[in-house]
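The chain contents come next:
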Amino acid sequence: MPQYRAAWLLPVSQPPIRDAWLRTDRGRIIAFGHSRPGDFTADDEIDLGEVAVLPGLVNAHTHIELSWMRGRIPETDDFDGWIRRIIELKNESASHGGAVAAAIEEAIREARAFGTAAVGDITNTLATAEPLDRHGMPAVVFHELLGFRSEDAQRVMDDAAARLRDMPASDFVRHTLAPHAPYSVSPALFGLIRAALQRVPFSRSSVHLGESGAEIELLKSGTGACRAGLERMGKWDSSWVAPQSGPVEYLDRMGFLDDRVLVVHGVRFVAAELKRLAALGTTVVTCPRGNIRTGAGSPPIEDFFESGVRLAVGTDSLASVPDLNLFAELEQMRRIAPAVPARLLIESATIAGARALGFDADLGTIDSGKRDALIAVQLDGYVPSVEEYLVSGIDAAQISWISAS
Ligand SMILES: [Zn+2]
């Protein structure tokens with residue numbers, strides 16, 4: 001039953017505690033508090049020194065199977081060009097087999113080294129499920145489906161259901177289905193995914209939404225770069241009718257959005273859409289570094305917080321960011337939104353992500369009974385605000401896990 005001492009403890013569910021102690025037992029947090037001078041010292045106490053102890057972070061959106069693409073797509077302000085490039089690379093991935101598998105292993109290790117306790121991982125191939133399980137990384141693996149032609153919907157769904165039936169049970173990994181985006185998934189396929197999820201007691205889903213101007217144009221008027229791309233690939237559906245609405249209204253009318261759905265990016269969301277998502281309990285996942293590098297634009301971080309919507313954070317894939325450091329996403333959010341309290345940014349990378357993925361009974365805060373998946377971040381001497389320090393840019397060298405879990 002180890003007892004730890006640390007300069008700071010950030011429970012997230014309550015304000016930071018200075019000169020703190022924490023006791024764990026068999027992988028769970030037992031008790032914690034402020035140490036007064038002369039307090040009893042346990043024999044097996046471990047003094048962690050000038051560190052801030054906080055819950056391991058939750059990366060609510062990444063694509064670990066794309067890790068082999070690290071450094072292959074330069075930063076751009078042409079989002080449609082970025083999409084074309086990633087489709088080309090995805091088509092090549094079969095010829096990079098060994099490199100793809102090695103990059104998945106490396107990415108999971110890297111995520112752990114940056115203090116990640118759980119991930120929401122998008123996969124088209126399901127290749128990440130076994131490595132995530134073997135590394136003991138709690139994950140919701142979203143099997144992502146694409147298909148804009150309604151006539152393909154049933155076949156896409158049946159194939160996916162068969163693949164999921166073949167997946168072995170896991171202590172760490174939960175599998176579910178996710179439509180890619182409104183410009184790549186037909187209303188028929190959205191409907192089938194929705195119906196399949198409702199039959200499963202645990203049913204999270206995720207969709208890329210409000211990411212680019214081309215998506216907004218397609219839904220408003222049925223024209224633009226999304227349509228041109230689908231036509232080029234022979235995947236346009238001439239029976240599809242533009243809903244003449246924004247992306248949130250489009251999916252809400254289909255009955256797709258609720259408190260078990262994560263909508264990713266939201267760079268283009270307007271105030272009314274954020275209000276609607278807040279009322280539905282839907283979580284927005286922001287990936288600010290990726291949005292800037294792909295040309296999607298800077299996400300409206302202040303508007304997200306002002307709207308009261310649930311907000312989690314993801315790195316997106318190594319195709320668009322240089323590393324899986326969620327602290328670097330917090331640093332980017334701080335740059336975009338200097339007026340938002342650091343406490344709220346930290347909440348988005350911990351409890352909000354844990355809640356969105358359904359891991360909040362075990363992760364996301366320091367509270368009695370939760371798992372001891374805790375990290376210690378080395379502080380740079382005296383810091384006037386520990387929360388502000390944690391959103392100012394933290395590197396892997398500063399991070400250690402305080403237990404084996
Ligand atoms: Zn993504």
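The structure presented is a predicted model; accordingly, all values stated were derived computationally and were not measured.

### So, the environment of Leu251
Part 1 of the reasoning: Tracing the chain through its elements places Leu251 in helix H8 (residues 247–253).
Part 2 of the reasoning: Spatially, the C-alpha atom of Leu251 lies 8.8 Å from that of Pro187, the residues being 64 residues apart in sequence.

### Let's talk about the coordination of the zinc ion
Part 1 of the reasoning: At the metal site, the zinc ion is ligated by His61 (NE2), His63 (NE2), His208 (NE2) and Asp316 (OD), and these contacts range over 2.1 to 2.7 Å.
Part 2 of the reasoning: Note that the zinc ion binds four donor atoms; their angles at the metal cover 82 to 167°, and the shape is irregular.
Part 3 of the reasoning: Mapping the donors of the zinc ion onto the primary sequence yields the spacing H-x1-H-x144-H-x107-D. With His208 in strand E10 (residues 205–209) and Asp316 in the loop between strand E13 (310–313) and helix H12 (326–336), this pair connects stretches of sequence that are 108 residues apart. The residues His208 and Asp316 share a single accessibility class, namely buried.

### Section: the pattern of salt bridges
Part 1 of the reasoning: Taken as a whole and assessed by the stated rule, the structure comprises 21 salt bridges.
Part 2 of the reasoning: Across the pair Glu106 and Arg109 runs a salt bridge whose closest N-O atoms are separated by 3.7 Å. Placement of the pair is Glu106 and Arg109 together in helix H2 (residues 97–113), with a separation of three residues, close to one helical turn.
Part 3 of the reasoning: A relative accessible area of 38% places Glu106 in the partly exposed class.
Part 4 of the reasoning: Residues participating in the shared-partner salt-bridge network are Arg149, Asp152, Arg155 and Asp159.

### As for helix H4 (residues 153–165)
Part 1 of the reasoning: Its 13 residues give H4 an end-to-end C-alpha distance of 18 Å, which sits within 8% of 18 Å, the value for a rise of 1.5 Å per residue.
Part 2 of the reasoning: For H4, every residue scored as buried is listed here: Ala153, Val156, Met157 and Ala160. Projection of H4 onto a plane perpendicular to its axis shows the buried side chains occupying an angular sector of 95°, all on one side.

### Notes on the packing of aromatic side chains
Describing an aromatic ring pair means giving the distance of the ring centres and the angle of the ring planes.
Part 1 of the reasoning: Summed over all chains, the structure comprises four aromatic pairs.
Part 2 of the reasoning: In this structure an aromatic cluster arises from ring pairing among Phe148, Trp236 and Trp240.
Part 3 of the reasoning: One residue, Arg112, lies across the ring of Trp401, its end atom 5.6 Å from the ring centre.

### Considering the sheet that holds strand E6 (residues 57–62)
Part 1 of the reasoning: Spatially, the four strands line up as an open sheet ordered E6-E7-E8-E9, and their pairing is parallel. On the outer flanks of this sheet lie E6 and strand E9 (173–179), each paired with one strand and no other. Geometrically, the sheet is characterised by an average inter-axis angle of 15° between neighbouring strands, direction not taken into account.
Part 2 of the reasoning: Where H4 meets the sheet, its contacts fall on strand E8 (139–145) and E9, and the angle it forms with E8 comes to roughly 150°.

### Some remarks on the pairing of E9
Part 1 of the reasoning: Among the seven residues in E9, five count as buried, and that is most of the element.
Part 2 of the reasoning: In terms of strand pairing, E8 meets E9 through seven bridges, oriented parallel. Residue pairing for E9: Glu144 is matched across the bridge by Ala178.
Part 3 of the reasoning: Handedness of the β-α-β unit built from E8, H4 and E9 comes out right-handed.

### Structural notes on the state of the cysteines
Part 1 of the reasoning: Across all of its chains, the model carries zero disulfides by this definition.
Part 2 of the reasoning: Here Cys226 stays unpaired: no disulfide links it, and the sulfur of Cys287, its closest cysteine neighbor, is 18 Å away.
Part 3 of the reasoning: Of the residues examined, Cys226 reaches a relative accessible area of 11% and is grouped as buried.
Part 4 of the reasoning: Overall, the relative accessible area of 0% leaves Cys287 in the buried class.

### Thoughts on the pairing of E6
Part 1 of the reasoning: Taken across its six residues, E6 has six buried, putting it largely inside the fold.
Part 2 of the reasoning: Inspection of the sheet shows E6 paired to strand E7 (residues 116–123) by four bridges, in the parallel sense. Looking at the pairing, Val58 lines up with Ala118 of E7.

### Some words on the sheet that holds E13
In a beta sheet, neighbouring strands are held together by backbone hydrogen bonds and run either parallel or antiparallel to one another.
Part 1 of the reasoning: Taken together, the four strands give an open sheet; going across it, the order is E10-E11-E12-E13, and neighbouring strands pair in parallel fashion. Only two strands of the sheet have a single partner each, and these edge strands are E10 and E13. Neighbour-to-neighbour, the strand axes of the sheet open up by a mean angle of 30°, direction not taken into account.
Part 2 of the reasoning: Across three bridges, the pairing between strand E11 (residues 261–265) and strand E12 (residues 283–286) is parallel. Bridge pairing links Leu262 to Thr283 in E12.

### Quick word on the side chain of Gln332
Part 1 of the reasoning: For Gln332, the location among the structural elements is in helix H12.
Part 2 of the reasoning: Those residues in contact with Gln332 that sit more than four places away from it in its chain are Pro288, Arg289 and Ile292.

### Remarks on the nonpolar core
Part 1 of the reasoning: Counting residues in each nonpolar core, the largest one holds 69 residues, and the members touching the most others are Val263, Val284 and Phe327.
Part 2 of the reasoning: The leading source of residues in this core is helix H5 (residues 187–198), at five residues.
Part 3 of the reasoning: Discounting residues that sit within four places of it in the chain, Val263 has contacts with Val207, Leu209, Leu257, Phe269, Leu277, Thr282, Thr283, Val284 and Val285.
Part 4 of the reasoning: Core analysis: the second largest hydrophobic core is formed by 26 residues, Leu66, Ile73, Leu132 and Ala139 among them.

### Examining the environment of Ser317
Part 1 of the reasoning: If you trace the backbone, Ser317 turns up in the loop between E13 and H12.
Part 2 of the reasoning: Filtering out sequence-adjacent residues up to four positions away, Ser317 remains in contact with Thr62, His63 and Leu66.
Part 3 of the reasoning: Within the structure, the side chain of Ser317 is placed 3.0 Å from the backbone nitrogen of Ala319, a separation counted as a polar contact.

Calculation criteria
Residues numbered from 1 in each chain as written. Predicted model: local features only at pLDDT ≥ 70, side-chain atom pairs only at ≥ 80, totals over all residues. Heavy atoms only, no water. Helix = DSSP H or I, 4+ residues; strand = E, 2+ residues; numbered from the N terminus. Donors = N, O, S within 2.8 Å, 3.2 Å for Na, K, Ca; no water. Tetrahedral: all angles 85-135°; square planar, octahedral: opposite > 155°, others 65-115°. Buried < 20%, exposed > 50% of the residue type's maximum accessible area, 1.4 Å probe, protein only. Salt bridge = Lys/Arg side-chain N within 4 Å of Asp/Glu carboxyl O. Expected span 1.5 Å × (residues − 1). Arc of directions from axis to C-beta. Phe/Tyr/Trp six-rings, centres within 6.5 Å; stacked < 30°, edge-to-face > 60°. Lys NZ or Arg CZ within 6 Å of the ring centre and 35° of its normal. Pairing = 2+ DSSP bridges. Axes fitted to C-alpha atoms, helices over the stretch in contact; angles between N-to-C directions. Contact = heavy atoms within 4.5 Å. Right-handed = clockwise from strand over helix to strand, strands pointing away. Disulfide = S-S within 2.5 Å. Core = buried A, V, L, I, M, F, W, Y, C linked by side-chain atoms within 4.5 Å. Polar contact = N/O pair within 3.5 Å; in protein donor to acceptor, adjacent residues only side chain to side chain.

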